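Structure at a glance
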Amino acid sequence: MIRLRSIRRGRGVAARVMGPVLGVLYGGSVPGFVQVLMFRPAFFGKPLGRYADAVLRGPGRWTVGERELFGATVSAANVCSYCIGVHARIAADCLGDPVVDALVHRTAEPPDGTGSALPAMAEFLRRLSRDPDALTAADLAPLRAVGIGDDAVREAAHAAALLEICNRVASALGVEGMGPQGNARAAAMLLRRGYDL
Amino acid sequence: MDADDQASAAATRDRRFRELVAAVVHGAGVLPVAVRESLVVGTAPPDDLAGLVAKVAGGGLAVTDDDVATLRAAGYSEDAVFECVVAVAVAAGGSRLRAVERLLAEPS
């Protein structure tokens, strides 16, 4: 349960008007993290949504599915059940479950055709999440060896930074993960409408 | 997508991150701007926030209801707790972006 009563109860126009609307869009109840975003939206929810949309949906070198996979990878490193569930579902909808099982959940080998860039980038982001100050230029070598340029690294780093933020907010405030149905509804909604609501 | 489009998209990502930081530091809030700024840049927090800051910086999983209750008993509102959590989380994102820029600037 979300720790702050103010967020659970909601506040202002966003909660009164957008709450029911988002409940319908999400196919039932409003996910916990969305409740957080609707609480004081000018302070956090709106600028975060605009940042998320630029990072995960805007034009880029990585596909939407690949960027969502990076977000899921970071969320797995931070053990954020809410963010893993949603972003892994979106990545799986775009790239297929076997890729997500291999690179996010690490329960299988990457399927044929995965290529080398996506696993290399995901591994770098896991290290970046764990200890950013411990990384050296040598950690970039595997990326450059498979043809990942500096701007593609920057782009993936934004996906990582975004989820480092979301993971902490969700975990610290007690946002609980959803089940498969809730994740699927949220994934469908976010693929259809993006993050800048 | 051509090089100009790529550059424009990259600039948008950077700008949106700066806008998020600006909202968290300078937007309407109950924690003083100086405190929020110190949380976002990762300098030493006020003593009574230090425990929560460390737990959020470490990923947030260790935060408990008791942490919130302790701060509430010390006079912090729920809005202040929320602002603290968000500011420290944004700091964690910023530290990853800076780390990558540092690496990319190093000789390979």
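See the structure shown above.
Notes on the structure in this doc start here. Computed from a prediction, not measured in an experiment: that's the story for all the values here. (Residues numbered from 1 in each chain as written. Chains lettered and ligands numbered in written order. Predicted model: local features only at pLDDT ≥ 70, side-chain atom pairs only at ≥ 80, totals over all residues. Heavy atoms only, no water.)

All names here are of chain A. Running from N to C, helix α5 (residues 64-77) and helix α6 (residues 81-95) point in directions that differ by 150 degrees, and their axes come no closer than 8 Å. Considering their axes alone, α5 and α6 lie roughly antiparallel with respect to each other. The crossing of α5 and α6 is left-handed. Contacts between α5 and α6 involve Gly 65, Glu 66, Glu 68, Leu 69, Gly 71, Ala 72, Ser 75 and Ala 76 from the former and Cys 83, Ile 84, His 87, Ala 88, Ile 90, Ala 91, Cys 94 and Leu 95 from the latter. (Axes fitted to C-alpha atoms, helices over the stretch in contact; angles between N-to-C directions. Helix = DSSP H or I, 4+ residues; strand = E, 2+ residues; numbered from the N terminus. Parallel < 35°, antiparallel > 145°, perpendicular 65-115°, else oblique. Left-handed = near helix turned anticlockwise from the far one by under 90°. Contact = heavy atoms within 4.5 Å.)

Summarising the element assignment, Ser 129 of chain A is placed in helix α8 (residues 117-130). Contact partners of Ser 129 of chain A, with chain neighbours within four places excluded, come to Val 74, Ala 77, Asn 78 and Glu 164 of chain A together with Arg 96 of chain B.

With that out of the way, let us pick up the pattern of salt bridges. Pairs can form between side chains of opposite charge once their charged atoms are near each other. Counted under the stated rule, the structure contains 26 salt bridges over all chains. Taking the shortest distance from any N to any O, the salt bridge between Arg 89 of chain A and Asp 97 of chain A comes out at 3.6 Å. We classify Arg 89 of chain A as partly exposed; its relative accessible area is 25%. With its nearest N and O atoms 3.9 Å apart, the salt bridge here joins Glu 83 of chain B to Arg 36 of chain B. (Salt bridge = Lys/Arg side-chain N within 4 Å of Asp/Glu carboxyl O. Buried < 20%, exposed > 50% of the residue type's maximum accessible area, 1.4 Å probe, protein only.)

Residues and elements named next belong to chain A. Looking at the largest pocket, its volume works out to about 490 Å³. As for the largest pocket, its lining consists of 28 residues, of which Val 34, Leu 37, Gly 45, Tyr 195 and Leu 197 are closest to the centre. Of all the elements in the fold, those that place two or more residues in the lining of the largest pocket are α2 (12-25), α3 (32-38), α4 (41-56), α6, α10 (150-173) and α11 (180-193). With eight residues, α4 is the single largest residue contributor to the lining of the largest pocket. (1 Å grid on protein atoms, 1.4 Å probe; cavity = no way out; pocket = protein on both sides within 12 Å on 5 of 7 lines; lining within 4 Å. Points joined across faces, edges and corners; volume = space filled by probe spheres on them.)

Before going further, it helps to examine the interface of chain B and chain A. By a widely used convention, the size of an interface equals the accessible area lost when the partners come together. Listed per partner, the contact involves 47 residues of chain B and 48 residues of chain A. In this assembly, chain B packs against chain A so that about 4300 Å² is buried in total across both faces, 65% of it on carbon and sulfur atoms. At the junction of chain B with chain A, the criterion picks out eight salt bridges. Note that Arg 154 of chain A is salt-bridged to Glu 101 of chain B, the shortest N-O span being 2.6 Å. Taken together, the links from chain B to chain A amount to 20 residue pairs in polar contact (both at pLDDT 80 or more). Taken together, the elements giving at least two residues each to the side of chain B that touches chain A come down to α1 (3-26), α3 (50-57), α4 (65-73) and α5 (78-105) of chain B. Per-element accounting of the side of chain B that touches chain A gives the leading share, 20 residues, to α5 of chain B. Its residues placed into classes, the side of chain B that touches chain A shows 25 nonpolar, nine polar and 13 charged. (Buried area = accessible area lost by both parts, 1.4 Å probe. Polar contact = N/O pair within 3.5 Å; in protein donor to acceptor, adjacent residues only side chain to side chain. Nonpolar A, V, L, I, M, F, W, Y, C, P; charged D, E, K, R; others polar.)

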